[in-house]
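# Secondary and tertiary structure notes
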Amino acid sequence: MSNDHAQDIGLRFALQATGFELATEPPASDTPLAHILAFADEHGYEALTDEHFEAAKRGTL
């Protein structure tokens with residue numbers, strides 16, 4: 001992200017206002033996001049469905 005572009009400044013503000021931050025490192029291996037990324041690496045992003053995201057949140061993916 002750049003501080004010179006209006007979209008980047010807006011995104012940075014939105015992330016701060018909502019309590020999020022943009023990660024620069026991979027997620028911890030025991031997180032739902034890491035499980036989704038591992039599934040996508042193996043099967044392709046196009047194979048992901050809403051059920052996969054629900055399973056990742058439950059810890060069953």
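One structure accompanies this document, and this report is about it. Remember, it's a predicted structure, so these values are computed and weren't measured experimentally.

## Description of the overall build of the protein
Counting its regular elements, the protein contains 3 helices and 0 strands. Reading the helices (α) and strands (β) of the protein from amino to carboxyl end gives α-α-α. For the protein, the C-alpha radius of gyration of 15 Å lies well beyond 10 Å, the compact-globule estimate for 61 residues. For the protein, the proportion of its 61 residues judged to be buried stands at 20%. Of the roughly 5100 Å² of accessible surface on the protein, 55% is carried by carbon and sulfur atoms.

## Examining the packing of helix α2 (residues 32-43) against helix α3 (residues 50-58)
Closest axis-to-axis distance for the α2/α3 pair is 8 Å, and the angle between their directions is 135°. Here α2 is positioned oblique relative to α3, judged by the angle of their axes. Relative to α3, α2 is oriented so that their crossing is right-handed. Residues Pro32, Ile36 and Phe39 of α2 touch α3, and the partners they reach there are His52, Phe53, Ala56 and Lys57.

## Points about the side chain of His52
Within the secondary structure layout, His52 lies in helix α3. For His52, the contacting residues outside a window of four places in its chain are Ile36, Phe39, Ala47 and Leu61.

## Details of the environment of Leu37
Among the structural elements, Leu37 can be located in helix α2. Sequence spacing of Leu37 and Pro26 is 11 residues, and the spatial spacing of their C-alpha atoms is 9.6 Å. Not counting residues within four places of it along the chain, the set of residues in contact with Leu37 comprises Pro27 and Tyr45.

## Structural notes on the environment of Pro26
Looking at where Pro26 falls in the secondary structure, it is placed in the loop between α1 (6-18) and α2. In the structure, Pro26 is positioned 23 residues away from Thr49 in sequence and 22 Å away in space, judged by C-alpha atoms.

Calculation criteria
Residues numbered from 1 in each chain as written. Predicted model: local features only at pLDDT ≥ 70, side-chain atom pairs only at ≥ 80, totals over all residues. Heavy atoms only, no water. Helix = DSSP H or I, 4+ residues; strand = E, 2+ residues; numbered from the N terminus. Rg over C-alpha atoms; globule rule 2.2 N^0.38 Å. Buried < 20%, exposed > 50% of the residue type's maximum accessible area, 1.4 Å probe, protein only. Areas by Shrake-Rupley, 256 points an atom, 1.4 Å probe, with all protein chains shown as cover. Axes fitted to C-alpha atoms, helices over the stretch in contact; angles between N-to-C directions. Parallel < 35°, antiparallel > 145°, perpendicular 65-115°, else oblique. Left-handed = near helix turned anticlockwise from the far one by under 90°. Contact = heavy atoms within 4.5 Å.

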